[in-house]
Every structure is written in C-alpha cells, then in structure tokens.
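The chain contents come next:
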Amino acid sequence: MGKRINVALLGLGTVGSGVYKVMKNQLPEMPHKLNAELVITKILVRHPERYQESVEDPSVLTTDFQEILEDPSISIVVEVIGGIEPACTYIMQALKAGKNVVTANKDLMAVKGGELLELADENGRELRFEASVAGGIPIISPLKDSLAANEITEIIGIVNGTTNFILSKMTDEGVDYKPALAEATDLGYAEADPTADVEGYDAGRKLAIMASIAFHSRVTFDDVYTEGITGITAKDIAYAKTLGWVIKLLAVARNTGDGIEARVHPMLIPQQHPLSTVAGSYNAVFVHGDAVGDVMFYGRGAGEMPTASAVMGDVFSVARHTVYETKGSTKDNVYRKIPIKTIDEIRSRYFLRMEVEDKPGVLATIASIFGNNSVSIEQVIQKSKVGDDAELVIITSKVRERHIKDALLILGSASVVRRVATMIRVY
Ligand code: HSE
C-alpha cells in the first residue's frame with residue numbers, strides 16, 4: 001500500500017465537498033498512482049453540526065485550527081475557505097509548521113502570492129494554487145512548467161464564467177443585461193452579490209496570478225485595470241454582430257517590451273477568433289509564447305468537481321514528492337521588475353456608439369474633433385434613429401487610449417453630440 005499521508009481540509013463548502021468526493025473516488029487508484037494512500041484526518045469547519053451527514057467519520061470535523069497545526073502527522077493542508085482572512089494566517093502558520101499547502105484562493109494569491117510563495121520556499125515546503133485560476137483548467141502548471149522555456153508575450157483569457165454566461169445569453173437571445181444577470185443568478189452562476197464577477201474583479205485577480213508567472217515580474221490585483229460588463233447593451237452586441245465581432249469580457253496581459261499591460265474589460269473580438277466560440281459558463285485561456293506559438297486551454301472554470309480536480313492534482317503532486325523524498329519548489333520565478341502600464345498608455349481600436357443631432361455638418365464636426373486629437377476613423381455606421389437624433393457607431397484605428405479620452409471629453413461638450421453611449425475596445 002505504500003506510505004500513508006495525512007491531509008487536513010480547511011473548509012467544506014462547494015470546493016471542499018468536491019475535494020472530499022474526489023479523494024474518496026481515487027482511493028483505490030492511489031497505491032498505483034502515488035505509491036501512497038491519502039487520508040483526510042481533519043476538516044476545519046465553523047459549524048460541525050451541519051456536516052454530520054456529509055462525511056463518513058464526523059470525528060474528523062473540528063472548529064480548532066490549532067488541532068491541525070499541532071498534529072505532526074498531517075503533512076498537507078488544503079485551504080478551500082477562500083477570502084483573505086483567516087485563510088492567509090492559516091496558510092502562513094501551516095507553512096511555518098512544516099506543512100505543504102494546496103489552495104484554491106485567488107483573492108489571496110492575487111495580492112499576497114509573492115509573500116506566501118517566499119515563505120513556502122524559506123520553510124522548504126510547497127504552496128500550490130492551480131485551482132485559483134480558471135477552476136478545472138490546468139493553467140498554472142503549464143505556465144510554470146510545460147511552457148517554462150518560452151518567452152511569453154501574451155495571455156488573453158475568458159476567466160469568469162458568470163459574465164461569459166451573461167454575455168452569451170445577451171448575444172444568443174438579444175436580451176439585455178438585467179434579465180441575463182437574473183437568469184445567471186437563478187442558475188446559481190452569479191452570487192447574491194455579483195459585484196466581483198460583473199465588475200471584472202474576479203477576472204482581474206486571476207489575471208494578476210497568471211501574469212506574474214508568465215512574465216516573471218510581480219503583478220498584483222491592484223495593478224490590473226478593471227472594467228465590467230454592466231454598461232453593455234443588447235444594442236452594442238447587435239452592432240458588433242453585424243460587423244463580424246463578438247463582445248467578451250477579456251482578461252488581457254501583454255509584455256510589450258516597454259512595460260506590462262494588465263487589464264480586464266469588455267472587448268470586441270472577431271467571430272473567427274478561437275475565444276469567440278467559448279460560450280456559456282465555460283472559460284478559456286489563450287497564451288502566446290515565442291517558441292510554442294499560440295496555445296489555448298479550455299474547460300470548466302468553476303464548480304465543485306472541476307475545481308476539486310485542480311486541487312487534487314496539486315495534492316497528488318505534493319504526495320509524489322513526499323513519497324519519493326524530492327523537493328518540488330513552487331517558487332514563481334519572479335526575477336524581473338517590469339513597469340506596469342496605465343490604461344491611458346495602451347493602444348487599441350475603439351468601438352464608439354453615440355447619439356448625435358441629425359443635421360448636415362455633424363459628421364464633419366465629429367471627424368474634426370477626432371482628427372484634432374490624433375484619432376483616425378476607420379469605419380462609420382449610421383443605422384437607426386433615437387427619437388429625432390441619429391445613432392452613430394464609429395470604429396477608430398489603433399490609437400493611444402489617452403487620445404480617445406481627450407476626444408471623448410471634447411465630444412461630450414459639443415452641442416451636436418447628445419451623448420456617447422458606449423466605448424468598447426476592439427481586439
Ligand atoms: N465566480 C467565478 C466565475 C468562479 O463566475 O467564473 C470562481 O472564480
């Protein structure tokens with residue numbers, strides 16, 4: 001049967017229950033896969049009375065983290081509580097006590113990942129976090145290991161299932177944001193408070209974690225520009241469709257040579273781009289490396305069993321290192337200090353929808369405002385009317401964001417412009 005490795009689970013929510021199930025399902029395979037048997041000997045929960053039926057042996061349930069910390073037989077701690085505290089303190093204490101840690105905690109890794117990985121290394125222990133980004137999709141290990149010999153220049157991801165579900169619904173059925181959000185909530189995709197998803201914070205955290213590994217330079221959540229999907233309308237999606245584009249909430253990280261771009265915002269992408277076909281609650285991450293070229297990872301970005309799959313993959317890695325007495329370093333190899341660009345410094349094409357007075361000379365006035373601010377127009381569409389006003393959709397050439405903002409400021413005060421309804425970046 002090989003070695004017995006004791007594991008403590010911190011949290012028995014959705015992901016914790018999945019980990020418990022996968023652990024049980026894999027029990028017969030462990031002697032073959034690991035030359036060891038993994039046993040959950042403690043589960044930290046706040047209310048043990050709620051979980052009496054959820055586990056085979058309720059005596060493993062505890063409310064006291066010290067019991068886990070002071071148990072020398074436990075060598076792997078799996079943190080699936082989420083949030084910053086008390087998860088951060090538990091992880092730090094576990095590492096200092098000589099335990100390996102596996103976590104699914106993106107909030108924590110996106111702000112304190114560097115510090116925690118440093119601490120793991122100082123203590124000769126592993127801190128693994130595959131499940132923190134895109135649930136069941138393997139992306140952390142590929143970035144760290146399989147693609148390690150590449151100079152990675154770009155990561156573009158759909159890494160939030162809730163918003164991808166909402167935008168897919170709006171695209172397929174022509175409904176507006178609010179009913180699409182309501183359905184996402186009914187189906188359990190969106191949280192009661194969906195702010196972190198719909199404002200792009202969740203995707204921003206995942207992007208920070210991936211970018212730090214890919215570019216070998218620290219990117220934290222605070223460095224990521226975030227803009228959500230609450231302002232996207234069915235009308236914008238319909239215009240995008242007629243032009244051959246799809247609107248997605250993208251997490252974009254680029255190492256451009258003069259700095260790192262790290263941003264989450266809605267974006268128009270061509271219908272032919274592989275990311276445009278990622279529908280519903282699915283996630284995908286597109287990576288460009290100098291040697292490998294383009295690679296794309298696709299799958300379930302959340303949920304009980306997909307996330308447990310990623311957590312357990314990490315647990316198996318630690319178990320193998322334990323059995324064969326090898327030290328698997330989990331350092332993220334951050335050895336560069338690349339400046340991070342502000343959103344005003346990025347260059348992009350822009351989709352602008354505006355309502356303007358319907359009379360001769362208006363287009364000329366608008367064109368001259370753009371021209372005076374170094375913005376070149378690529379395409380103009382005038383399709384429908386809004387009351388007595390005309391609705392214009394303008395696609396610009398690639399331009400620095402600062403110039404677009406300057407132009408929009410002046411347009412906003414021009415008497416012929418009623419309002420600029422939407423500005424969406426174009427891939
Ligand atoms: N709320 C996230 C999503 C899953 O909708 O993708 C957890 O990261």
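Definitions and limits used
Residues numbered from 1 in each chain as written. Predicted model: local features only at pLDDT ≥ 70, side-chain atom pairs only at ≥ 80, totals over all residues. Heavy atoms only, no water. Helix = DSSP H or I, 4+ residues; strand = E, 2+ residues; numbered from the N terminus. Buried < 20%, exposed > 50% of the residue type's maximum accessible area, 1.4 Å probe, protein only. Axes fitted to C-alpha atoms, helices over the stretch in contact; angles between N-to-C directions. Parallel < 35°, antiparallel > 145°, perpendicular 65-115°, else oblique. Left-handed = near helix turned anticlockwise from the far one by under 90°. Contact = heavy atoms within 4.5 Å. Nonpolar A, V, L, I, M, F, W, Y, C, P; charged D, E, K, R; others polar. 1 Å grid on protein atoms, 1.4 Å probe; cavity = no way out; pocket = protein on both sides within 12 Å on 5 of 7 lines; lining within 4 Å. Points joined across faces, edges and corners; volume = space filled by probe spheres on them. Domains from an automatic or database assignment. Near = heavy atom within 4 Å. Polar contact = N/O pair within 3.5 Å; in protein donor to acceptor, adjacent residues only side chain to side chain. Areas by Shrake-Rupley, 256 points an atom, 1.4 Å probe, with all protein chains shown as cover. Sits in = over half its atoms within 2 Å of the grid points.

### With respect to the overall build of the chain
Here's step 1: Looking only at helices and strands, the chain features 14 helices and 17 strands.
Here's step 2: When the 427 residues of the chain are sorted by exposure, 55% land in the buried category.

### Some details on the packing of helix 7 (residues 161-173) against helix 8 (residues 177-186)
Here's step 1: In the contact formed by helix 7 and helix 8, the axes pass within 9 Å of each other and the chain directions differ by 130 degrees. Classed by the angle they form, the pair helix 7 and helix 8 counts as oblique. Viewed along their axes, helix 7 and helix 8 form a crossing whose handedness is right-handed. Residues F165, I166, K169 and M170 of helix 7 pack against Y177, A180, L181, E183 and A184 of helix 8.
Here's step 2: The residue makeup of the contact of helix 7 with helix 8, split by class, is seven nonpolar, no polar and two charged.

### Some remarks on the layout of surface pockets
Rolled over the atoms, a probe as big as a water molecule pinpoints where empty space is left.
Here's step 1: In this model, the largest pocket occupies a volume close to 1300 Å³.
Here's step 2: Looking at the largest pocket, it is lined by 50 residues, and the ones nearest its centre are T14, V15, I81, K106 and E191.
Here's step 3: When residues of the lining of the largest pocket are traced back to their parent elements, those giving at least two are helix 1 (14-26), helix 5 (106-122), helix 7, helix 9 (195-198), helix 10 (201-215) and helix 12 (304-323).
Here's step 4: Counted by class, the lining of the largest pocket contains 18 nonpolar, 20 polar and 12 charged residues.
Here's step 5: In terms of domain composition, the lining of the largest pocket takes at least three residues from each of domain 1 (3-135 + 304-323) and domain 2 (146-300).
Here's step 6: By volume, the second largest pocket amounts to about 280 Å³.
Here's step 7: Every element with two or more residues in the lining of the second largest pocket is listed here: helix 1 and strand 2 (36-44).
Here's step 8: Top element by residues in the lining of the second largest pocket is strand 2. It accounts for four residues.
Here's step 9: Across the lining of the second largest pocket, the residue classes tally to eight nonpolar, no polar and four charged.

### Notes on the site of the ligand
Here's step 1: Around the ligand, the structure places K106, N160, G161, T162, D197, D202, K206 and A302.
Here's step 2: Interatomic distance of 2.8 Å between a side-chain N/O atom of K206 and an oxygen atom of the ligand.
Here's step 3: Notes on the ligand: free accessible area 260 Å², of which the protein chains cover 81%.
Here's step 4: Put simply, the ligand lies in the largest pocket.
Here's step 5: Listing elements by their share of the shell around the ligand, those giving two or more residues are helix 7 and helix 10.
Here's step 6: A class-by-class count of the residues in the shell around the ligand yields one nonpolar, three polar and four charged.

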